[in-house]
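The residues making up each chain are set out below.
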Amino acid sequence: MPHVNIKHFPAPLNEEQTSELVAAITEAVTRAFGCDEGVVSIAVEPVDPQAWQDQVYAPEILERKEFLRKTPSY
């Protein structure tokens, strides 16, 4: 059911920080959709900064503006 894909510049998140991030997102998604946490999937995907424009910004932000609920300020 709900799937969240977090694409980001590589960051030094340790396992505990990653687990806290996933737990917080899972809680928000289950509350918003009224679903069980067992149906939520979350991917955390580092993207090289030099590839951001072509792999993320253009195809997912510029070309899919109708789905954005928060836009970046860059």
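A short tour of the structure in this document, coming up. (Residues numbered from 1 in each chain as written. Predicted model: local features only at pLDDT ≥ 70, side-chain atom pairs only at ≥ 80, totals over all residues. Heavy atoms only, no water.)

The next point concerns the overall build of the chain. In terms of helices and strands, the chain carries 2 helices and 2 strands. Of the regular secondary structure in the chain, the N- to C-terminal order runs β-α-β-α. Projected onto its principal axes, the C-alpha coordinates of the chain cover approximately 35 × 30 × 20 Å. Here the chain, with 74 residues, has 20% of them falling under the buried criterion. Excluding contacts between residues fewer than 6 apart, the proportion of contacts in the chain whose partners are at least 24 apart in sequence is 63%. For the chain, the accessible surface area stands at approximately 5700 Å², while carbon and sulfur atoms represent 54% of it. Separation between the mean location of the 6 positive side-chain charges and that of the 12 negative ones in the chain comes to 11 Å. (Helix = DSSP H or I, 4+ residues; strand = E, 2+ residues; numbered from the N terminus. Buried < 20%, exposed > 50% of the residue type's maximum accessible area, 1.4 Å probe, protein only. Contact = heavy atoms within 4.5 Å. Areas by Shrake-Rupley, 256 points an atom, 1.4 Å probe, with all protein chains shown as cover. Lys, Arg positive; Asp, Glu negative; His and termini not counted. Charge placed at Lys NZ, Arg CZ, Asp CG, Glu CD.)

What follows covers a nonpolar patch on the surface. Together, Met-1, Phe-33 and Val-39 give the surface a local cluster of nonpolar side chains, amounting to about 350 Å² of exposed area. Along the chain, Phe-33 turns up in helix H1 (residues 15-33). For Phe-33, a relative accessible area of 54% translates into the label exposed. (Patch = residues over 30% accessible without salt bridge, like charges linked within 9 Å, V, L, I, M, F, W, Y side chains within 5 Å. Salt bridge = Lys/Arg side-chain N within 4 Å of Asp/Glu carboxyl O.)

This brings us to the pattern of salt bridges. In total, this model carries 2 salt bridges according to the counting rule given. For Glu-60, the salt bridge goes to Lys-7, with nearest N and O atoms at 2.4 Å. Taken together, the positions of Glu-60 in helix H2 (residues 52-62) and Lys-7 in strand E1 (residues 3-8) put the pair 53 residues apart, joining distant regions of the chain. Taking relative accessible area as the criterion, Lys-7 reaches 23% and is therefore assigned partly exposed. Close ionic contact of Arg-31 with Glu-27 constitutes a salt bridge, the shortest N to O distance being 3.2 Å. You can see Arg-31 and its partner Glu-27 sitting in helix H1, 4 residues apart, about one turn around the helix. For the pair formed by Arg-31 and Glu-27, the shared burial category is exposed.

On to the packing of aromatic side chains. One pass over the structure, following the stated rule, counts 2 aromatic pairs. Seen from their ring centres, Phe-9 and Trp-52 are 5.3 Å apart, and the 90° between their planes marks the pair as edge-to-face. Residue Phe-9 is located in the loop between E1 and H1, and its partner Trp-52 is located in helix H2; the two are separated by 43 residues in the primary sequence. For Trp-52, a relative accessible area of 15% puts it in the buried group. Arranged with centres 5.4 Å apart and planes meeting at 45°, the rings of Tyr-57 and Tyr-74 form a pair that is tilted. Here Tyr-57, found in helix H2, pairs with Tyr-74, found in the segment after H2; they are 17 residues apart in sequence, far enough to count as distant. Note on Tyr-74: relative accessible area 58%, which makes it exposed. (Phe/Tyr/Trp six-rings, centres within 6.5 Å; stacked < 30°, edge-to-face > 60°.)

Purely spatial values, then, with no claim about function.
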